[in-house]
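Descriptive analysis of the structure
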Amino acid sequence: MTDRANKIVSTLHPGLLKLKGQNMVLNPVISKLSGKLVVLASASPRRLEILTNIGLRFEVVPSWFKETLDKTLFKMPYEYAVETAKQKALEVAQRMPFKHLKTPDIVIGADTVVTVDGLILEKPVDKQDAYHMLSRLSGKEHSVYTGVAIVLCHERQGKSSTEFKVVDFYEETKVKFAELSEEMLWEYINSGEPMDKAGGYGIQALGGMLVEYVKGDFLNVVGFPLNHFCKQLEMIYNSPLESPSHKMKREDSGGTDGPCSPVNSLSKVTENGEVSNFNSSDSAGQTPVPEQNVVGPECAKCNNEGFPHKIVDLLDGFKASKTLFTACKLGVFDVLSDSEGLTVEEVADKIKASVLGTERLLEAAVSLELLHKHKVEDKIMYRNTEQASRFLVLDSPLSLCGYILHCNDLVWPLFTHLESAVREGTNQYERAFGKKTENLFQDGYFRKDDIKMRFMNAMHSVAKVTGKDVATAFDLSSFKTACDVGGCTGAMAYEFTKAHPGLSVVVFDLPPVIEMRSHFQPKEQDDRVSFIAGDFFKDELPKADLYILSRILHDWSDDKVHELLSKLSKACTPGCGLLVSEIFLDEERSRPSRALLQALSMTEGRQRSAAEYSDLLTKHGFTPVHTQCTDNLLDAMLFVKEDPNVDKTLQILSSESVVVT
């Protein structure tokens, strides 16, 4: 933290900056975890710092749980936070024995939400969203809830399975914001601090300037209720939980007789995710843990232990995709972008569709959290969600509409012939479009300008959404010139020049693509981005210090990939960089499913793991320097060209001037 932030924090919460010097106070609790494999199921640097500062030894394994729980199923915001924390922790606890080949003793999950006026405020999607959040908080008292789940893992004797027991709780802290001037709001927003924080502020740093008072646990607002956590640990280890007797009730039903299994407090979870209660036969001689009345609406998740929720979700998955495609193609999000809400009749009139069909489409979009529905007087109105406004409006800077329409018009028809594709092991272009693959690209895409534009729109939208994260993945200040091979509209190149002021980028792509580039040029011209037409298999590559291959290698056969990499290797001098941006599979080739589903289109290319890309590039004289998972559509790897006259270890050491940002 900066000196300025330290002063703010010390005023609001004098104990925070002294945590490192007070480990001994908590040692009686923390020492009980000595020798145990403790795992934090969160990548939050704030939670990591809080737990590290008290002397807890643990590993960090970020959860893969997608935070897509339906908030409308939860009566109270803390229920949502508790359930999300529990699902995060359970995902890691269930994954580690198979993926990491070790079973943790304890997994800790946490989720923090900010609520005001009955709304849950999540992380802002952009500066304007941050402005709306902070304006809503200005001059008001709001609540910060952190839900925490502690999963205790126990390997069953004589069985190759693990039993999980869950203790969960929440903490609420009241925070009052001062009245914020426009100048202070934008000064804080432009600092960049709000963008990765629930509610759009970080109280432990510059955000502390916005706070008038705090009632409750300060660290809870930072992201982890340390005091409550330590009390829970004390309760767990003073009242052994290996086989406890524990009465649980639902706060909203008054007991355990309701149709839902209790989520809270203590549940036993089998490896398939089913939840059951501990019964009295498990607990002979044990002291029961006091009842905790913090429960989420488990009806939606676990009340029917044998019901195949995941399979049912997949059964309806294609309907959800087609709903999104249709809403985009009909312009639903566009007509809603300029208003605070429209009725069904108004939307139907604007998109030239039937009232009945429009109503059902809008209701389906609401269920998918693409639209909001609200009542104004006696009228039902529909409006875009924040994400829809950002990514589904055609003229939004980060619009995915181009790619969505590409999926609707090209990918969807291909996947209707998936059975044939699997049986034959070939793509289905001819069945879907009446043309073979080699003709479709030339005759189908590039014969007509409108079809060419459709394809370029798809590539442009993906590059716009992923470009910033790929461009900022590494410090590239040692490179002065770059060539984006197959860079299409230049969207990625412009992100690289924004992120690296000393870098100029040449976009190298086919002549028909370069001819159409003017349709995609940004409003603010950048003379550090230029375009050269050519075929990267047939023509000489432009000279550069750094070559960029974004979404190129997965598309071509192994022979073509080796041909291209051989050509790049010859073009590169020792020390030249190569940045590869693709979807990286995990080591077991089981995630992310997005990459594996994409492979079912049966193109001649294939998806690879980061290790496979590393091996591939090493064969062509490139040394891997860094890998960065961006949590976006594409990840990134940075390589440098080897000098055959220099020891490889020395080359890796000398390349450390290029670092992950």
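The coordinates are above.
The structure reproduced in this document is the subject of the present report. (Residues numbered from 1 in each chain as written. Predicted model: local features only at pLDDT ≥ 70, side-chain atom pairs only at ≥ 80, totals over all residues. Heavy atoms only, no water.)

Focus on a negative patch on the surface
Note the following rule: Patch building starts from residues that exceed 30% relative accessible area and form no salt bridge, then joins like charges within 9 Å and nonpolar side chains (Val, Leu, Ile, Met, Phe, Trp, Tyr) within 5 Å. With residues, only the protein chains shown are counted as cover, and all accessible areas are computed by Shrake-Rupley using a 1.4 Å probe. The rule for a salt bridge is simple: a side-chain nitrogen of Lys or Arg has to be within 4 Å of a carboxyl oxygen of Asp or Glu. We count Lys and Arg on the positive side and Asp and Glu on the negative side, and we leave His and both chain ends out. Charged side chains are reduced to one point each, which is NZ for Lys, CZ for Arg, CG for Asp and CD for Glu. The secondary structure listing takes helices from DSSP runs of H or I that are at least 4 residues long and strands from runs of E that are at least 2 residues long, numbered from the N terminus. Relative accessibility under 20% of the residue-type maximum defines a buried residue, over 50% an exposed one, and the middle range a partly exposed one, all with a 1.4 Å probe and only protein chains included.
Together, Glu345, Glu346, Asp349, Glu359 and Glu363 make up a region of like negative charge exposed at the surface. For the negative patch, the secondary-structure elements that each account for two or more residues are α12 (344-351) and α13 (355-367). Sorting elements by how many residues they give to the negative patch places α12 first, with three residues. Along the chain, Glu346 turns up in helix α12. For Glu346, a relative accessible area of 35% translates into the label partly exposed.

Brief notes about the packing of aromatic side chains
Selection rule: For Phe, Tyr and Trp, where Trp contributes only its six-membered ring, two rings pair if their centres lie within 6.5 Å, and the inter-plane angle classes them as stacked under 30 degrees, edge-to-face over 60, or tilted in between. Distance and angle both matter: a charge sits over a ring if NZ of Lys or CZ of Arg is within 6 Å of the ring centre and within 35 degrees of the ring normal.
According to the stated counting rule, one finds 13 aromatic pairs in the structure shown. Plain terms: the ring middles of Phe537 and Trp556 are 4.9 Å apart, the flat faces sit at 75 degrees to each other, and that makes the pair edge-to-face. Taken as a pair, Phe537 in the loop between β14 (529-533) and β15 (546-550) and Trp556 in the loop between β15 and α22 (558-571) lie far apart in primary sequence, 19 residues in all. By way of ring pairs, the aromatic residues Tyr78, Tyr145 and Tyr170 are connected into one cluster. The ring of Trp64 carries Arg95 above its face, with NZ or CZ at 3.8 Å from the centroid. Seen from the ring of Trp412, Lys322 lies directly overhead, with NZ or CZ sitting 5.0 Å from the centre.

Observations concerning the packing of helix α10 (residues 317-330) against helix α15 (residues 401-415)
Defined as follows: Only the contacting stretch of a helix is used when fitting its axis, a line to C-alpha atoms as for every element, and angles between N-to-C directions run 0 to 180 degrees. We call two directions roughly parallel when the angle between them is under 35 degrees, roughly antiparallel when it is over 145, roughly perpendicular when it lies between 65 and 115, and oblique otherwise. By the definition used in this description, the sense in which the near helix is turned from the far one sets the handedness, with an anticlockwise turn below a right angle giving left-handed and a clockwise turn giving right-handed. Any pair of residues with heavy atoms lying within 4.5 Å of one another is described as a contacting pair. Polarity classes work like this: nonpolar for Ala, Val, Leu, Ile, Met, Phe, Trp, Tyr, Cys and Pro, charged for Asp, Glu, Lys and Arg, and polar for all others, with Gly in that last group.
Remark: α10 packs on α15, axes separated minimally by 9 Å, with the N-to-C direction vectors making an angle of 120 degrees. Classed by the angle they form, the pair α10 and α15 counts as oblique. The way α10 lies across α15 gives a crossing that is left-handed. Of α15, the residues touching α10 (which contributes Phe318, Ser321, Lys322, Leu324, Phe325, Cys328 and Lys329) are Cys401, Ile404, Leu405, Cys407, Asn408, Asp409 and Trp412. Residue composition of the contact of α10 with α15, grouped by class: nine nonpolar, two polar and three charged.

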